[in-house]
Each structure stands twice: as C-alpha cells, then as structure tokens.
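Coordinate analysis (summary)
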Amino acid sequence: MSNSNVSLNSYNIFQPPDLLKKNIEKMTRDKSGAFKRRDFVAPLLDFCLDNCYNGKIGIVYGLRSTGKTVGMLHAAESLIEQGNNVTYAAFQYKDDELGIRTVTEEMKTLAQKGVTHFFLDEVTYLGGFINLVSEWPDRLVPERGIKIIISGADSFLLWVAQCSSLFHRYVKFNANWSSYSEYVRVTENSYDTFKREGGIFSTEKMHSIIQSAVVDNLLHSLDHLIASRITAYADTLYGIHKDTVYKSVISILKCAVENSIRDHFIDRVHKKNIPDLGSALSDLYTIDKRDIKEKVADSVIVYKSNRSAIDVEPKMVIEALIEFLVNIECLVESKMGMCDTGKSTKIFVFNHNAFMNYAIEEIVDGILQLSDINQPKFIAGIRQAAEGVLNENIVLAHVIHGAKRGDTIFKYRDGSAKEIDIAVVNRDFNTAKLIEVKSKTWTNPRRVFTGDAKNLFATSILKNIGIDKGFAITQVLAYMGKTKILSSNGKRLLLVNIELLLTHYRDLDEFFGQLNAHADAALSKENLGWDGDGIVEVEYV
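Definitions and limits used
Residues numbered from 1 in each chain as written. Predicted model: local features only at pLDDT ≥ 70, side-chain atom pairs only at ≥ 80, totals over all residues. Heavy atoms only, no water. Helix = DSSP H or I, 4+ residues; strand = E, 2+ residues; numbered from the N terminus. Buried < 20%, exposed > 50% of the residue type's maximum accessible area, 1.4 Å probe, protein only. Contact = heavy atoms within 4.5 Å. Areas by Shrake-Rupley, 256 points an atom, 1.4 Å probe, with all protein chains shown as cover. 1 Å grid on protein atoms, 1.4 Å probe; cavity = no way out; pocket = protein on both sides within 12 Å on 5 of 7 lines; lining within 4 Å. Points joined across faces, edges and corners; volume = space filled by probe spheres on them. Nonpolar A, V, L, I, M, F, W, Y, C, P; charged D, E, K, R; others polar. Phe/Tyr/Trp six-rings, centres within 6.5 Å; stacked < 30°, edge-to-face > 60°. Lys NZ or Arg CZ within 6 Å of the ring centre and 35° of its normal. Salt bridge = Lys/Arg side-chain N within 4 Å of Asp/Glu carboxyl O. Pairing = 2+ DSSP bridges. Axes fitted to C-alpha atoms, helices over the stretch in contact; angles between N-to-C directions. Arc of directions from axis to C-beta.

Turning to the overall build of the protein chain, a few remarks are in order. In terms of helices and strands, the protein chain carries 20 helices and 16 strands. The burial tally for the protein chain puts 54% of its 541 residues in the buried class. When contacts within the protein chain are restricted to residue pairs at least 6 apart in sequence, those whose partners lie at least 24 apart make up 73%. A total of about 24600 Å² of accessible surface is found on the protein chain, and carbon and sulfur atoms cover 48% of it.

So, in structure tokens, the structure goes:
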C-alpha cells in the first residue's frame with residue numbers, strides 16, 4: 001500500500017491530501033447531510049482498484065449538473081479511506097495557457113513520490129488536450145502504474161477525444177443517464193419530481209443550463225477543434241452566432257417531442273368531441289415535413305462564417321447540431337416505423353427529463369398563445385396530453401437503456417395512424433415485447449382489450465412488424481394503477497404500474513416472466529384457466 005501521507009504542498013496544480021479532504025467534505029455534503037452516491041461510483045471504484053495498468057484511463061462523462069464532480073470525489077474519498085495516495089485537480093476555463101504538457105510533467109513527479117490515483121476535473125480546458133492526451137494511457141498509466149480519471153462539462157470535446165486520440169484507450173463511466181430507481185434512491189423524491197427534473201441535479205433554471213451546458217459547451221469545443229485542426233465537424237458550425245445556436249437547440253428539443261404532443265392532444269380532442277383544432281395547430285405541425293432537420297432549418301437564420309464567405313445550408317447546420325446533442329447524450333436516437341427491419345423515421349428520446357419537460361412546456365405555452373385556442377376550455381386537455389408524452393418518453397428511454405444484445409426498439413406507426421408506443425423485437429430469439437403507455441390510474445378490465453390495448457393484439461399490426469406464431473409475445477399496458485394480469489379469450493395482458501416497470505428496466509424479460517409465473521400459480525390454486533371467454537384477473541403484490 002502506498003504511503004498516503006506523502007506531501008504534495010510543493011506543487012500548485014494538484015490538491016494536497018489535507019485540502020482534498022476538506023474539499024470532499026465541502027463538495028459532497030449540504031445541510032441535510034452527505035449526498036448519496038450515484039450508481040456510476042461503484043464501477044468507477046472497481047476500475048480504480050483492479051490493479052490493471054493496461055493503457056486505459058477512466059472518463060466520467062456527462063453534462064454539467066449531472067453529478068460528475070461529486071461522484072469523482074466520492075470515489076476519491078473511498079480510495080483515501082482505504083489508504084491509497086490520491087490527488088485531484090480542477091481546471092478553469094482560463095487555464096488554457098496551463099497546457100497539458102505542464103500537467104503531465106507534474107503527474108510524473110507526483111507518481112515518483114507515491115501518488116497512485118489522479119482525478120482531473122474539467123480537463124478539456126487544458127491547452128493541447130485533444131492532440132496530447134493519448135500520452136496518459138499510452139505511457140503514464142503502464143510506466144508509472146497509476147490510475148488517471150478525467151472529466152469535464154465539455155462533453156463534446158471528450159467525445160471527440162474518445163473517437164480520435166483516446167480510441168480504445170479509455171473506460172467510460174456515464175453520469176448522464178439517471179434511471180428512476182437511482183434518482184429516487186439518491187434524492188428521495190417522488191416519480192412526479194423525476195418526471196420533471198430527472199437527470200439534472202440542479203435547481204438552476206433550465207434555460208441557463210441549456211446556455212452553459214449545451215451552447216457554451218459547443219462554442220468552446222469549436223474553438224478547440226479549429227485550433228487542433230479537427231475541422232470536419234467544426235467547419236459546418238464555426239462562426240455561427242451564439243443566439244442562433246441557442247434558438248436552434250431549443251427548436252430541436254421542441255421538435256423531439258412536438259409530434260407526440262400533437263398526437264396526444266388531437267387524440268384527446270377526438271375522444272372528448274372537442275371541435276377540430278387542426279387550423280389552430282397548423283403552425284406547429286405540417287404533415288409533409290416530418291424530418292426534424294427540415295422543420296428546424298426552416299425557422300433558423302444561419303449566420304455567415306467569420307472565416308469563410310460561403311453560406312452554410314441551414315439543413316447542414318441543424319444536422320450538425322442534432323449530431324452534437326446525440327453525442328453529448330442529451331438525446332438518444334431511436335426510430336418510428338412499421339418494422340425494425342424496414343424503412344423508418346428517426347425520432348429522439350431524452351436522457352434528461354428536465355430538458356424534455358422544458359421543451360414540452362415551451363410547446364404548451366405556444367399552443368396556449370394561439371388565437372384560436374379557448375384557454376379555459378382546452379388547458380386541461382393540453383396538460384393531460386403533455387403528461388402522456390412525459391410518461392411515454394420516460395418508459396421508452398428506460399427500455400432503450402435496458403436493451404439486451406439483439407434487441408431492436410422502435411415506435412410502431414402505420415399509414416392508418418395506428419400506433420404502439422414501444423416495440424422490442426429480438427429476431428435472434430424470436431421474442432417481442434409490445435408496450436402501450438397510459439397516464440391513467442385505472443382501466444376497465446372488460447374494455448381494455450378492445451380499448452387501450454387493442455393494437456397490441458391486432459393481427460394486421462403483428463403481421464406488419466413481422467411477428468408470427470413462432471414468436472413469444474408479451475403484451476404490456478404500462479399505467480399508473482395497480483399491477484395485475486388479465487386474460488380474455490386466450491389473450492394475456494400484463495397491466496404494469498409504470499414505477500414498477502421502470503424499477504425493472506434492466507431485467508424486463510425476467511420481470512414479465514415473474515408476473516406470468518405469479519398469475520399461473522394463483523390460478524392453479526383456484527383451478528382456473530386462462531382460456532375462458534370471461535375476464536380472469538390476478539393482482540400482483
């Protein structure tokens with residue numbers, strides 16, 4: 001075990017042990033007590049203690065306010081408690097003149113004095129980061145027998161490094177994704193709070209976070225990419241006005257949920273016999289312009305590059321910005337179509353509910369300001385539509401993050417506007433999970449098969465998806481009510497509470513199998529079968 005009392009006071013970049021301990025105490029606690037550890041801290045500690053120095057560094061990856069620094073300090077705290085010699089440095093935006101060479105030399109000196117673990121926060125602010133960081137996994141780690149863990153709010157520049165200088169030389173620890181179960185454990189908040197704030201551990205206004213964590217992130221990255229001569233991406237965006245980037249990002253986030261909002265709202269309008277709102281919503285949606293790039297580009301003025309006299313096509317700019325939002329893991333790319341193997345349209349799912357909720361609120365505000373909308377009459381329906389979109393996208397995001405090898409996940413929609421919210425098809429094992437998401441707390445067992453869940457059993461839809469009798473199919477209605485299993489005319493439907501489903505997002509096959517086994521056991525005791533004409537209902541406790 002290394003001597004944990006070695007003095008670092010002669011060095012001014014990395015924090016000596018006493019100062020680091022004080023900062024850990026300060027940064028990982030508030031008036032209510034110690035912050036609870038994020039899920040990524042445990043695998044990060046495993047990496048730090050595996051005694052493997054095979055030329056890789058650790059990257060804690062995530063936007064600002066996703067808990068990266070606190071997680072790194074939690075890991076550092078555990079290492080210190082186990083007697084390891086740990087140091088930490090946090091760099092500022094103005095630290096470019098410091099340069100990665102200077103930091104590298106200091107790490108070499110400190111490694112000679114017994115330091116074993118280096119945590120470097122906001123490392124992308126170091127001059128020469130992109131071009132020179134490969135020396136750390138290639139030489140420092142194996143030659144000095146040390147662990148290096150880096151992080152930075154400039155997520156895009158870290159992504160660029162992963163694709164270039166750090167290719168195959170890193171282990172990634174994701175702070176971006178915060179599941180429902182993790183969020184509840186860490187914050188002790190409810191599902192209602194998770195719907196609106198999940199993924200961002202900050203009370204700051206969302207427009208400020210978008211400005212700093214997304215827009216400023218990108219603009220800083222562009223400067224680095226131009227300086228590092230990595231221009232394939234930067235040439236498209238360099239020189240674009242900051243306000244245009246902000247407006248474009250907001251428009252992209254809104255477009256990611258806009259169609260769902262409209263579909264939910266129009267569906268509710270139809271069911272409640274409210275007069276047609278097509279004209280009122282015409283400014284928000286055009287049926288022949290489903291491509292998100294075209295929709296946003298139409299409303300964005302792209303500024304001429306400061307370095308070029310050539311105008312950049314708006315669609316190219318929006319395409320680059322969408323790629324940026326996906327690469328920093330603000331959005332996850334998914335698809336909508338009739339089949340996982342056929343032609344489909346790209347759709348986008350949010351990693352951070354706070355961003356999604358903000359985009360939905362922007363759309364709702366826009367709807368309420370339209371001249372043809374009678375606010376008192378429609379506001380309840382609009383809010384209910386927004387709630388439906390929140391629940392649907394949250395479940396979809398969890399299913400995507402919990403996918404197993406071979407799973408293809410998509411939203412089904414055919415030419416007659418029939419939809420299934422989530423289809424999970426695995427053609428290696430001939431399995432399919434079809435999930436419909438509703439915000440209601442109760443559904444009529446005698447009408448659910450011909451109402452909310454009818455598309456899950458429609459023969460024509462199963463045929464379009466490419467599911468035949470050889471597939472094991474699980475039909476699920478996720479809602480806010482009690483978990484139970486229903487049967488009618490040989491059809492089996494799992495009614496699953498959304499919060500319970502989200503808790504099991506990593507093991508859905510096992511969980512659904514458990515529900516079916518529970519129901520089979522209950523029915524065998526009562527000598528009942530699933531194939532009768534009536535409704536058989538078994539609650540799951």
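What follows covers the layout of surface pockets. The calculated volume of the second largest pocket comes to roughly 510 Å³. Lining the second largest pocket are 22 residues, and of these M27, F35, G67, V70 and F201 sit closest to its centre. Elements represented by at least two residues in the lining of the second largest pocket include exactly β2 (33-34) and α3 (68-81). When residues in the lining of the second largest pocket are grouped by element, the largest group, 4 residues, is from α3. Of the residues that constitute the lining of the second largest pocket, the class distribution is 6 nonpolar, 7 polar and 9 charged.

In the Ramachandran plot, S65 falls in the positive-phi region, its phi being about 70° despite a non-glycine side chain. Relative to the elements of secondary structure, S65 occurs in the loop between β3 (57-61) and α3. You will see that E188, though not glycine, has its phi angle at about 60°, which is positive. Following the sequence through the fold, E188 ends up in the loop between α8 (180-187) and α9 (191-197). Its relative accessible area of 58% is what places E188 among the exposed residues.

Looking now at the packing of aromatic side chains. Summed over the entire model, instances satisfying the criterion amount to 13 aromatic pairs. Aromatic side chains F156 and W159 sit 5.5 Å apart centroid to centroid with 25° between the ring planes, which places their arrangement in the stacked category. A residue pair is termed a helical-turn pair when its members lie 3 or 4 positions apart in one helix, as F156 and W159 do in helix α7 (residues 155-163) at 3 residues. Judged by its relative accessible area of 1%, F156 falls in the buried class. Summarising the aromatic geometry, the rings of W177 and Y505 are spaced 6.1 Å apart at their centres and angled 70° between planes, so their arrangement reads as edge-to-face. Placement of W177 in the loop between β7 (170-174) and α8 and of Y505 in the loop between α19 (498-503) and α20 (508-525) is noted, with a sequence separation of 328 residues between them. Take W177: its relative accessible area is 11%, and that puts it in the buried class. Every member of this aromatic cluster is reached through a ring pair, and the members are Y180, Y183, Y191, F194 and F201. Sitting above the plane of the Y53 ring, K147 keeps its charged end 5.4 Å from the centroid. We note K172 situated over the ring of Y61; from NZ or CZ to the ring centre the distance is 4.4 Å.

In this section: the pattern of salt bridges. Here the structure, examined in full by the defined rule, presents 28 salt bridges. As a salt-bridge pair, K440 and D452 come within 2.7 Å of each other at their nearest N and O atoms. In this pair, K440 is assigned in the loop between β12 (431-437) and α17 (454-457) and D452 in the loop between β12 and α17, connecting sequence segments 12 residues apart. Close ionic contact of K484 with E537 constitutes a salt bridge, the shortest N to O distance being 2.9 Å. With K484 in strand β14 (residues 484-488) and E537 in strand β16 (residues 535-539), this pair connects stretches of sequence that are 53 residues apart. Residue classification places E537 among the partly exposed positions, given a relative accessible area of 35%. Within this structure, E392, K411, R413, E419 and D421 form a network of salt bridges that share partners.

Our next topic: empty space enclosed by the protein. Within this structure, the stated rule accounts for 1 cavity of 30 Å³ or more. In this structure, the largest cavity encloses a volume near 80 Å³. What lines the largest cavity is simply V399, G402, A403, K404, D407, V424, K433, Y505, L508 and D509. Looking at side-chain class alone, the lining of the largest cavity contains 5 nonpolar, 1 polar and 4 charged residues.

This part covers the sheet that holds strand β6 (residues 147-151). What the 5 strands build is an open sheet, ordered β4-β5-β6-β3-β7; its pairing is parallel. This sheet does not close on itself; its edge strands, each paired only once, are β4 (86-90) and β7. Between one strand axis and the next, the sheet turns by 20° as a mean value, whatever way the strands run. In this sheet, β6 lies alongside strand β5 (residues 117-121) in parallel orientation, the contact comprising 4 bridges. Bridge pairing in β6 places F119 opposite I149. Relative to the sheet, α3 contacts β3, β4, β5 and β6, its axis offset from that of β5 by approximately 165°.

Moving on: helix α1 (residues 17-27). Every buried residue of α1 is accounted for by P17, L20 and I24. One face of α1 carries all of its buried residues, which in axial projection span an arc of 60°. The outward face of α1, more than 90 degrees from its buried face, is lined by the exposed residues D18, K22 and K26.

Within helix α2 (residues 41-48), the full set of buried residues consists of V41, L44, L45, F47 and C48. Buried positions in α2, seen along its axis, are confined to an arc of 155° and lie on one side of it. In this structure, the buried side of α2 is in contact with β3, α3, β5, β6 and β7.

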